[in-house]
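One letter stands for each residue in the lines below.
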Amino acid sequence: PNNNQNLSTFIKSGFYYFKGSNTVFIDPVRVLNQSYTQFTVTPSAYYSRFFEPNRRTDEHLIISEHKRKRKRKEKKVRELNEREQAADQRHQRVKPLLMKALECLLEADDLLLNLGKLRIDDCGTFEPKLTVESDEQSFVELGSVWQAPLFEISLHINQDHRLTQDCIFVQNCEKRNVPAFGCLVANDTNSDMEADFLNRRYVIPKQSSFYMSDLKQIHGLIPGKHECGFNLIVIDPPWENGSANQKLKYPTLPNRHFLSLPIQRLAHADGAVIALWVTNKEKLRIFVEKDLFPKWGVKYMATHYWLKVKADGSLISELDLFHHRPYECLILGYYYGKDEDSEHLSKLKSIPDCQVYISIPGDYSRKPPIGEILREYIPGLEPARCLELFARELLGGWTSWGNEPLRFQDSRYFTRK
Ligand code: SAM
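Position labels on residues start from 1 in each chain and follow its written sequence. In keeping with the model being predicted, local features are shown solely for residues with a pLDDT of at least 70 and side-chain atom pairs are shown and tallied solely at 80 or more, while totals for entire chains, interfaces and linings include all residues. No hydrogens and no water enter the side-chain calculation; it runs on all heavy atoms of the structure.

**Some words on unusual backbone geometry**
Note: most residues except glycine have negative phi, and most peptide bonds are trans. Short version of the rule: The numbering of helices and of strands both runs from the N terminus, where a helix is a DSSP run of H or I of at least 4 residues and a strand a run of E of at least 2. Burial classes follow relative accessibility: with a 1.4 Å probe on protein chains only, a residue under 20% of its type's maximum area counts as buried, one over 50% as exposed, and anything between as partly exposed.
Cis geometry is adopted by the peptide bond preceding proline 383, which originates at glutamate 382 and carries an omega value of -5°. Positive phi outside glycine occurs at leucine 198, with the angle close to 50°. Checked against the element boundaries, leucine 198 lands in the loop between β7 (193-197) and β8 (200-204). Relative accessible area serves as the criterion here: at 48%, leucine 198 is assigned to the partly exposed category. Although it is not a glycine, glutamine 207 adopts a positive phi angle of roughly 50°.

See below:
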């Protein structure tokens, strides 16, 4: 397809595929909007960072690059230890791939012209950066108190009665209370549902469900039959990370806790694609390869990369900055299910290595929604059953589990259509 087609596909779907490349640019807002019927994700609320004015002239770039180099020199360079050296070698291997991906973006003038507009809300303005409201819920705290099993969420069950051909209808709203924690809450309808919890309103997209609990109660999510398991499982664990900043955002867990995730019991009998977000720490990469995937019964397939850019198309940090790489990695594997040689699997397309996703990050280190890109590799019948573990948002067609899956469903992130 020519560039025009790419752009019109992008405007509709949120994905811009660069011709002849393994790179795709993602606008998470557009992708997430596919999940909603009556609401849209407010762009200014999603993109609250990396939109500083992009009037960086070449001269400006050279000066800031010079300053950075000087700063780096001033900081006495410490010798890398063995693990850091291995991590650096890994980085050097993927660097050309990432630079090529960035080149694709910088050559796509039509897309670049649109990047700065991604944050503009429908009404043509963008609101000031959202600050955390004092009455915003901390699900992590609420879920950990002894009263947690008693908390209820009130779902608005709409029954629309069309009265005339002019589409005037009466909305009959019944409220149904269900436990908020330790219970699978589903919106099986084809339209969004609103829900009240304590003093806040949440939006539950069509065909989505969530299970809010601590890792200790994850067994409640295991389907009764293997045939009702999931064909795609995306996992973004709260890895320990050492950065104090990170620790403030959500609680983390030592690696060994993730060994107990019941992946085989959550996966579908026909098999599943497992997509695991990891940090760039070498110790973690070795843990996944040697301990975690073998314990889960998952066979390694490919590694994909998420490259983070600003609204002017430049990287959010220098590619070589050791502790703040402007990219993260997604490790993909297959869980083969009941029969490794089944017909289903032999027909499966194998997941290509080294795909690159580029996007402008949202706040709170939200990951871009990559489920759609992986769809063609998912085993089993359609529609695929998809699960996100340690989720902070809901998606149409997905089940979200974690100790705060409603985090980004607060109505303040949405605009009513
Ligand atoms: N993928 C998410 C996104 O893009 O917004 C981010 C997930 S974040 C890395 C990890 C999540 O795991 C946080 O929401 C955190 O609160 C949650 N978490 C931490 N400890 C947990 C536990 N013991 N049980 C369940 N969830 C936990």
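**A word on the pattern of salt bridges**
When their charged atoms lie close together, side chains carrying opposite charge are able to pair. So the rule is basically this: Salt-bridge detection follows one rule: a side-chain nitrogen of Lys or Arg within 4 Å of a carboxyl oxygen of Asp or Glu.
Tallied over the full model, the rule gives 18 salt bridges. Aspartate 88 is paired through a salt bridge with arginine 325; the nearest N and O atoms lie 3.6 Å apart. Placement of aspartate 88 in helix α5 (residues 82-107) and of arginine 325 in the loop between β12 (298-308) and β13 (327-335) is noted, with a sequence separation of 237 residues between them. Take aspartate 88: its relative accessible area is 22%, and that puts it in the partly exposed class. Note on arginine 325: relative accessible area 9%, which makes it buried. In this structure, lysine 175 engages aspartate 196 in a salt bridge whose closest nitrogen and oxygen atoms are separated by 3.8 Å. On the criterion of sequence distance, the pair formed by lysine 175 in strand β5 (residues 169-179) and aspartate 196 in strand β7 is long-range, its members being 21 residues apart. Each of the salt bridges in this network shares a partner with another, and the network as a whole consists of Lys175, Glu194, Asp196, Arg201 and Arg416.

**Side note on the packing of aromatic side chains**
Short version of the rule: Note on aromatic contacts: the rings of Phe and Tyr and the six-membered ring of Trp form a pair at centre separations within 6.5 Å, being stacked when their planes are under 30 degrees apart, edge-to-face when over 60 apart, and tilted otherwise. We call a charge positioned above a ring when the Lys NZ or Arg CZ atom is no farther than 6 Å from the ring centre and deviates by at most 35 degrees from the ring normal.
Applying the stated criterion to the full structure yields 21 aromatic pairs. Summarising the aromatic geometry, the rings of tyrosine 364 and phenylalanine 408 are spaced 5.9 Å apart at their centres and angled 40° between planes, so their arrangement reads as tilted. Pair noted here: tyrosine 364 is in the loop between β14 (356-359) and α13 (371-374) and phenylalanine 408 is in the loop between β16 (398-402) and β17 (414-416), with a separation of 44 residues, a long-range link. Side by side, tyrosine 364 and phenylalanine 408 carry an identical accessibility label, which is buried. Feature note: the residues Phe139, Phe151, Phe181, Phe197 and Tyr202 constitute an aromatic cluster, connected by ring pairs. In this arrangement the basic side chain of arginine 412 is found over the ring face of tyrosine 413, its NZ or CZ atom lying 4.7 Å from the centre.

**Observations concerning the environment of glutamine 92**
Residue position: glutamine 92 is located in helix α5. Each C-alpha atom of the pair glutamine 92 and proline 294 lies 27 Å from the other, and the pair is 202 residues apart in sequence.

**Brief notes about the nonpolar core**
Considering soluble globular proteins, one finds that nonpolar side chains tend to be buried as a cluster. The criterion, for reference: Buried residues of nine kinds, namely Ala, Val, Leu, Ile, Met, Phe, Trp, Tyr and Cys, make up a nonpolar core once their side-chain atoms join them within 4.5 Å. We call two residues contacting when some pair of their heavy atoms lies within 4.5 Å.
Membership of the largest hydrophobic core comes to 99 residues, with the highest contact counts inside it found for Phe25, Ile235, Leu261, Trp296 and Leu389. Apart from residues lying up to four places away in sequence, tryptophan 296 is in contact with Ile235, Phe258, Leu259, Leu261, Ile263, Gln264, Ile274, Leu276 and Tyr335. Core analysis: the second largest hydrophobic core is formed by 20 residues, Ile153, Leu155, Ala180 and Val185 among them.

**Thoughts on the site of the ligand**
Test applied: We call a residue near a molecule or strand whenever a single non-hydrogen atom of that residue lies within 4 Å of it. Polar contacts, as counted here, are pairs of nitrogen or oxygen atoms within 3.5 Å of one another; within protein the pair requires one atom able to donate a hydrogen and one able to accept it, and residues that are adjacent in sequence qualify only if both atoms are side-chain atoms. Values of accessible area rely on a 1.4 Å probe in the Shrake-Rupley scheme; residue burial ignores everything except the protein chains shown. Note on residue categories: nonpolar means Ala, Val, Leu, Ile, Met, Phe, Trp, Tyr, Cys or Pro, charged means Asp, Glu, Lys or Arg, and polar means any other residue, Gly included.
Close contacts around the ligand come from 19 residues, with Asp236, Lys367, Arg392, Asn403 and Glu404 the closest. Side-chain polar atom of aspartate 236 to a nitrogen atom of the ligand: 2.6 Å apart, as the coordinates give it. A distance of 2.6 Å separates an oxygen atom of the ligand from a polar atom in the side chain of arginine 392. Its free accessible area being 600 Å², the ligand has 97% of it covered by the protein chains. Among the residues making up the shell around the ligand, the classes are represented as 10 nonpolar, two polar and seven charged.

None of the figures reported here should be taken as evidence of function without further support.
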